[in-house]
Amino acid sequence: MEGIGITVTEHLLLHQKESPMATGRFTRLLNELIFSAKIIAREVKKAGLVDILGLTGEINVQGEQVRKLDDFANRVLIHRMQHAGVLCAMSSEENADIIEVPDNLPKGNYLLIFDPLDGSSNIDVNVNIGTIFSIHKKVSQRPYVTLDDFLRKGSEQVAAGYFLYGPSTMLVYTTGNGVNGFTLDPSVGEFLLSHPDIKIPERGKVYSINESYTCYWDEKTRRVVDYFKSPDNERGKPYGARYIGSLVADFHRNLFYGGIFMYPADSRDPAKPRGKLRLLCEASPLAFVVEQAGGAASDGQQPILDIRASGLHERVPLFIGSKLDVEQAVKILNG
Ligand code: P6P
């Protein structure tokens, strides 16, 4: 019937045969994630009105000050997903160790990895922020979960995506059969299919990087950025500079407009020689999405999806977006 949208559950059922992932248990997992996102979106929308801004005074495992909305989003996701009955364990960007599902709660064999509120430094100034998620299946036969169950390659993900809290609230995700975008219709409280079969332009017109770190980059990284700023590049004119400082927002814009987001290694912090972004809860899920949309993601040497994590909070340099732009960056870095 014209004018009535397709919900996420309907879309999963419609594509059940193409996606072995679309089982009842996966649908339940996704619907619990969606419910969590609706709760987070509600708080984000009113963040300016109640005293939920500011800091909790705590420092997270990344050494970053935790803002209240960060902490709220993290607690909502952990509570809801522990009760979903489909997970055996989780890992959050905000928690140092894996989060198991208590023995008194029903379990499943999915593993969920998430960044509860990426871009949180922008919360106080009403800039788009997001929740990034990565879903694996437990493969070890052990009756219990260990860190090893999380230290996987991105290519082993069974699903990945993000919620974007902005002028509208969106869900963009993949189960390995392309990428689809859903927009929350607050009047009915449902995410409706708004961007079917998303494909990123092969070559973009935007480059995203924090150029205040230029003095900390190596020579080849500087050459990459100079390429995108030059009129003599493959495009024949300089790329536009766009940098929101919120990975999900920068990624989402480039997914539709085309372009490249870069967070290279830099020498600012000896504790973070491989840059700031995390492999498991940021780079890997977005790499799955972008490759399914026809794009590419690399750490500068190899595809992000080929990297086997060596630690829960391992950081990697990230070059992600339009295929030809990422390939060009990698070519210069290895030239
Ligand atoms: P910088 C937000 O804190 C975040 O993790 C990403 O969302 C964002 O892309 C990046 O950090 C911004 O970092 O060093 O440019 O401020």
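See the structure above.
Attention in this report is confined to the structure presented alongside it. Computed from a predicted structure; not experimentally measured. (Residues numbered from 1 in each chain as written. Predicted model: local features only at pLDDT ≥ 70, side-chain atom pairs only at ≥ 80, totals over all residues. Heavy atoms only, no water.)

### What to know about the overall build of the chain
Within the chain one finds 7 helices and 15 strands. A globule of 335 residues ought to have a C-alpha radius of gyration of about 20 Å, and the chain, at 19 Å, matches this closely. For the chain, the C-alpha atoms occupy an extent of roughly 60 × 50 × 45 Å along the three principal directions. In the chain, buried positions account for 56% of the 335 residues. Working note: accessible area of the chain is about 14200 Å², and carbon and sulfur atoms make up 52% of it. For the chain, the distance from the average site of its 37 positive side-chain charges to the average site of its 41 negative ones is 1 Å. (Helix = DSSP H or I, 4+ residues; strand = E, 2+ residues; numbered from the N terminus. Rg over C-alpha atoms; globule rule 2.2 N^0.38 Å. Buried < 20%, exposed > 50% of the residue type's maximum accessible area, 1.4 Å probe, protein only. Areas by Shrake-Rupley, 256 points an atom, 1.4 Å probe, with all protein chains shown as cover. Lys, Arg positive; Asp, Glu negative; His and termini not counted. Charge placed at Lys NZ, Arg CZ, Asp CG, Glu CD.)

### A word on the site of the ligand
With respect to spatial proximity, 14 residues lie near the ligand, and among them D118, Y213, Y243, L247 and Y263 are the closest. One nitrogen or oxygen atom from the side chain of N210 is found 2.8 Å from an oxygen atom belonging to the ligand. Residue Y243 places a side-chain N or O atom 2.6 Å away from an oxygen atom belonging to the ligand. Starting from 400 Å² of accessible surface for the ligand in isolation, the protein chains cover 87%. (Near = heavy atom within 4 Å. Polar contact = N/O pair within 3.5 Å; in protein donor to acceptor, adjacent residues only side chain to side chain.)

### Some details on helix α4 (residues 219-229)
Within α4 the residues assigned to the buried category are T221, V224, V225, Y227 and F228. Buried residues in α4, looked at end-on, bunch into an arc of 150°, giving them a common side. (Arc of directions from axis to C-beta.)

### Remarks on the nonpolar core
If you look at the biggest cluster of nonpolar residues, it comprises 60 residues, and the most contacted ones within it are Y162, F228 and I304. Summarising the domain contributions, this core has at least three residues from each of domain 1 (8-195) and domain 2 (206-333). Apart from residues lying up to four places away in sequence, F228 is in contact with Y207, N233, P238, Y239, I260, M262, D325 and A329. If you look at the next biggest cluster of nonpolar residues, it comprises 44 residues, including L12, L29, L33 and L77. (Core = buried A, V, L, I, M, F, W, Y, C linked by side-chain atoms within 4.5 Å. Domains from an automatic or database assignment. Contact = heavy atoms within 4.5 Å.)

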